[in-house]
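Coordinate inspection notes
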Amino acid sequence: MPNQRYDAECVDTKVLTEHIHFRNGRVALNRLMKSPMSEKIYNWEDPHETKRGVPNAGLVHLYEKWGFGGFGIIFTGNLVIDPKHPYEAGQGIVSKENDSPVMRDWYAKMARAMKANHALAIAQLNHPGAWAFNTYTDGSGRTHIISDGADDILNAPKSVVKTELIDRVVYAAKLLSNCGFDGIEVNTAFGNLFCQFLGNNNKRTDEYGGASLVKRTQFHIDLLNAIRREVPAAGGFLVGLKLNSADFQNNFSNDEVSRLCEILEEAGYDFVELTGGQMEQCVQEAQQRASTIARENYFLEFIETVAKSFRKTVVYITGGWQTASGMVNAVKLNITQGIGFARAAAAEPDLPRKLLSGVAHATLDNKFSPADYFTSKHAAHFQIKTMAGRSINDVVRPTDGLPDFTDEKEAKNFAEKAGEYMKFVAADGKPDTFAEVIKYTPIHS
């Protein structure tokens, strides 16, 4: 049977159709979010930093489909702010180096596609810091040198932090605002540079460092203030952060996490996206847990601490959503205000329309091993590239042409191809520096 879904009960999803109101007056028309997810289809064929990372027609085609899908808010994949410090080959770059009328026109077209059905358009910004790679291979097999190596900005003087990090975020935020985006999300998760300022590895002795998590929030306060001087909150431009529970686990107490949230809210951050766990299991535990039961799920503990600490800052949670009942119960239990989909949105760009109308009560049950993150990640990349191949005007349904990975044979076939690809990457001994998506021919196309 094609397009198999997780088993789910039929529930009233009216709560998911409710508007989300942000502190600066902006409104998301429902609670469903297309979460940030790397696309790997920006221009990387031209290695020069003035051209690399610029969008193209494929990105517009892709976001047309998500724009049609019924989301209340749509995020881009992570866009790096410095061409010399890329995070993943094939990703977007927003910087002074590649700024041009052509680049701005493409980002404006992307924003219009995202907002075609009144979703809010948010760009995620990132800087990998010392994790950046300095060479990559383009889709034609040519190797290019990006830089001599990553700069240690975490430990650089404050003046360097300002010019190479804060000023770059501000530049990107202002550019994207002028292109029609409704906000940005600063990726402060997965150990990247923005996250490192909060972490225990931050050994700075100035106001951006300190012995406690609370003292290390000053960078994020200064960052937001710098953005707001150029893109005021009164104009409706949203600024949020992405946080991952794994960056806090075993390092910080609940009280420290709670105080961090209070500081971020006092600073004026509009929203926070949380990741790091499987939400379906978290909701079940939250429903069943009694006060005498020992709590073993750190992700649930983390998100409950965050949810209780925020009053004005909106909380979205991405990761592991399977059933409409789980989503509805999470909102009713005040665990989250918004529901984020990443890989589920790559498999089914019109998932919100189906959930909110009652046509579907669960996400698609792709037949990859739950432990095999990289296979499902590369499957999403392939689905993304497939959607980018045709304009929404040239398809009957947004899902046309997508492989059905709920079919066990299709999933197994792709997993074998992904295994070969991962061996190629591992042999290189570096992160994924190949600016291309796995070449694959679906069994059923």
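Residues numbered from 1 in each chain as written. Predicted model: local features only at pLDDT ≥ 70, side-chain atom pairs only at ≥ 80, totals over all residues. Heavy atoms only, no water.

With an unreviewed UniProt entry as reference, the protein is termed NADH:flavin oxidoreductase/NADH oxidase N-terminal domain-containing protein, source organism Caenorhabditis latens.

All right, on to the environment of N244 then. Examined against the element boundaries, N244 turns out to sit in strand 9 (residues 238-244). With 175 residues separating them in the primary sequence, N244 and G419 have C-alpha atoms 27 Å apart. If we ignore the near neighbours within four places in the chain, the residues touching N244 are A189, F190, T275 and G276. Side-chain polar atoms of N244 contact the backbone nitrogen of A246, separated by 2.8 Å. Side-chain polar atoms of N244 contact the side chain of T275, separated by 2.8 Å. (Helix = DSSP H or I, 4+ residues; strand = E, 2+ residues; numbered from the N terminus. Contact = heavy atoms within 4.5 Å. Polar contact = N/O pair within 3.5 Å; in protein donor to acceptor, adjacent residues only side chain to side chain.)

Helix length check: helix 2 (residues 101-114), at 14 residues, gives a terminal C-alpha distance of 20 Å against a target of 20 Å (1.5 Å per residue), a fit within 8%. By the burial criterion, the buried members of helix 2 are M103, Y107, A108, M110, A111, A113 and M114. (Expected span 1.5 Å × (residues − 1). Buried < 20%, exposed > 50% of the residue type's maximum accessible area, 1.4 Å probe, protein only.)

What follows deals with unusual backbone geometry. The backbone phi angle of H118 is positive, close to 75°, even though this residue is not glycine. Tracing the sequence through the fold places H118 in the loop between helix 2 and strand 5 (120-126). Overall, the relative accessible area of 60% leaves H118 in the exposed class. Phi is positive for F190, close to 60°, though the residue is something other than glycine. In this fold, F190 is placed in the loop between strand 8 (183-187) and helix 4 (193-196). On the basis of relative accessibility, which here comes to 37%, the residue F190 falls in the partly exposed class.

Looking now at the packing of helix 1 (residues 57-68) against helix 12 (residues 373-388). Relative to each other, helix 1 and helix 12 sit at 100°, their axes nearing to 7 Å. Here helix 1 is positioned roughly perpendicular relative to helix 12, judged by the angle of their axes. Across the interface between the two elements, G58, H61, L62, K65 and W66 of helix 1 pack against I384, M387 and A388 of helix 12. In the contact of helix 1 with helix 12, the residues fall into five nonpolar, two polar and one charged. (Axes fitted to C-alpha atoms, helices over the stretch in contact; angles between N-to-C directions. Parallel < 35°, antiparallel > 145°, perpendicular 65-115°, else oblique. Nonpolar A, V, L, I, M, F, W, Y, C, P; charged D, E, K, R; others polar.)

Burial analysis of strand 11 (residues 314-318) places five of its five residues in the buried class, the great majority of the element. Direction of pairing for strand 11 relative to strand 12 (residues 338-341): parallel, over a ladder of three bridges. Along strand 12, the bridge assignment pairs Y316 with G338. Between the parallel elements strand 11 and strand 12, the chain passes through helix 9 (residues 324-332) in a crossover that is right-handed. (Pairing = 2+ DSSP bridges. Right-handed = clockwise from strand over helix to strand, strands pointing away.)

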